[in-house]
Structures are given as structure tokens and as C-alpha cells.
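Here is how the chains run, residue by residue.
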Amino acid sequence: IGNDEWSVPEILNRVMTRVNINTCKQTRERERIIIVLDTSPSCARYAKFFIDIARASANLNDLEMYDAPNAFIVKKYDRVSKEFIDIGIEYAHALMEWDAFKGRTIIFFGDWDGGRILSKASKNNTIYWFNPEYYKDSSREREYTGSHYRCRNEDDLIRLIKKMR
């Protein structure tokens, strides 16, 4: 999936090369947004909400979706089979603690139990953490540099999205 955008170096060189302005565009490959759902027992009371998020996200082409109890990624959503499949041993180490993600946009739905992983990943990614148990606690958020929101249901999510725009 690509989008055309202006190439600043080509526009600057245009003074010398005298090429048509329309040739100064480049196609940029967009990274997919990542959705991570915490399926640990501590999030069981929010399971219906998380399942609704998964269903709504399943057919969107610009998304990758992962099942991650306590933020440890164990399964990836496969659009062909329409189910979550194990990530396998070869990817487990890199994906489990999100080390494979650099410069990505990640939306995480889960509680505090995955905080260490999110704090580490927030140094290299843009993270939006929708936490049903969220409350201001500076000791827990000291290392985390992403955005953090209290979100327990669809109504909270819609309200937050409107506010974020």
C-alpha cells in the first residue's frame, strides 16, 4: 500500500535539473497499524469488548492483530483462515516482547500486567494503551512514554477517539 508524497531532495535539486514538478513525487510504503489484545485471565471481564475489537478489526487491510496475554505475543491473526494462529518458535523470541517492532504504531488493549513490555516498546514505537484498569500512578508510568487511556467498553472507546481527533 503506497501513498504519493513530495520528495524534498528532488524538489531542492529541481533548480539544477529543471525537471517537471510532478516527477518530484515518491511513493512511501505505509506500515500496518498493530492491534494487540491482552487475553490474560485478569482481562477476562473485558473479553467481550476485546472480541468486539477483534471482529471490527479483522477485515481491515491496514492492520496486524495479535493475541498477547499480559502483552506477551503468542498468536497472530490470519486473514485467510480468519483465526489467531500460533506465531511459532522461530518468531516467538522477536515478537513475544515486541522487539521486532521499530517505528510502528501500536494500539494495545489490556491492563497493567504487560506494563514492562509496553514501557520497553514505547521507546521505539508510538503506542496507544487502552487500559480498563487505568488510573494515574506515576510509579507504574515512569518508564512508559506512549499515550495511556482508561477504556472499559465501546462507549469509552468512541468517546476517546472523538477526543483524540
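Now for a look at the structure at hand. Because the structure is predicted, anything quoted here is derived from the model rather than measured.

### Quick notes on the pairing of strand β8 (residues 126-131)
Pairing of strand β7 (residues 105-109) with β8 involves five bridges; the strand directions are parallel. Following the sheet pairing, F109 is matched in β8 by F130. Taking the sense of rotation as the criterion, the β-α-β connection linking β7, helix α4 (residues 115-121) and β8 turns out right-handed. Sheet topology note: the β8/strand β9 (residues 147-150) ladder contains four bridges and is parallel. Opposite N131, over in β9, you have R150 as the bridge partner.

### A look at the sheet that holds strand β6 (residues 83-86)
Spatially, the seven strands line up as an open sheet ordered β6-β5-β4-β3-β7-β8-β9, and their pairing is mixed. Unpaired on one side and paired on the other, β6 and β9 mark the two borders of the sheet. On average, each strand axis in the sheet is tilted by 25° relative to the strand beside it, whichever way the strands run. Against the sheet, helix α2 (residues 47-57) engages β3 (33-37), β4 (63-67) and β7, with an angle of about 155° to β3.

### A look at the side chain of H148
Structurally, H148 is set in strand β9. Judged by its relative accessible area of 10%, H148 falls in the buried class. Within the structure, H148 has its side chain in polar contact with the side chain of N131 (distance 3.3 Å).

So, how was this worked out
- Residues numbered from 1 in each chain as written.
- Predicted model: local features only at pLDDT ≥ 70, side-chain atom pairs only at ≥ 80, totals over all residues.
- Heavy atoms only, no water.
- Pairing = 2+ DSSP bridges.
- Helix = DSSP H or I, 4+ residues; strand = E, 2+ residues; numbered from the N terminus.
- Right-handed = clockwise from strand over helix to strand, strands pointing away.
- Axes fitted to C-alpha atoms, helices over the stretch in contact; angles between N-to-C directions.
- Contact = heavy atoms within 4.5 Å.
- Buried < 20%, exposed > 50% of the residue type's maximum accessible area, 1.4 Å probe, protein only.
- Polar contact = N/O pair within 3.5 Å; in protein donor to acceptor, adjacent residues only side chain to side chain.

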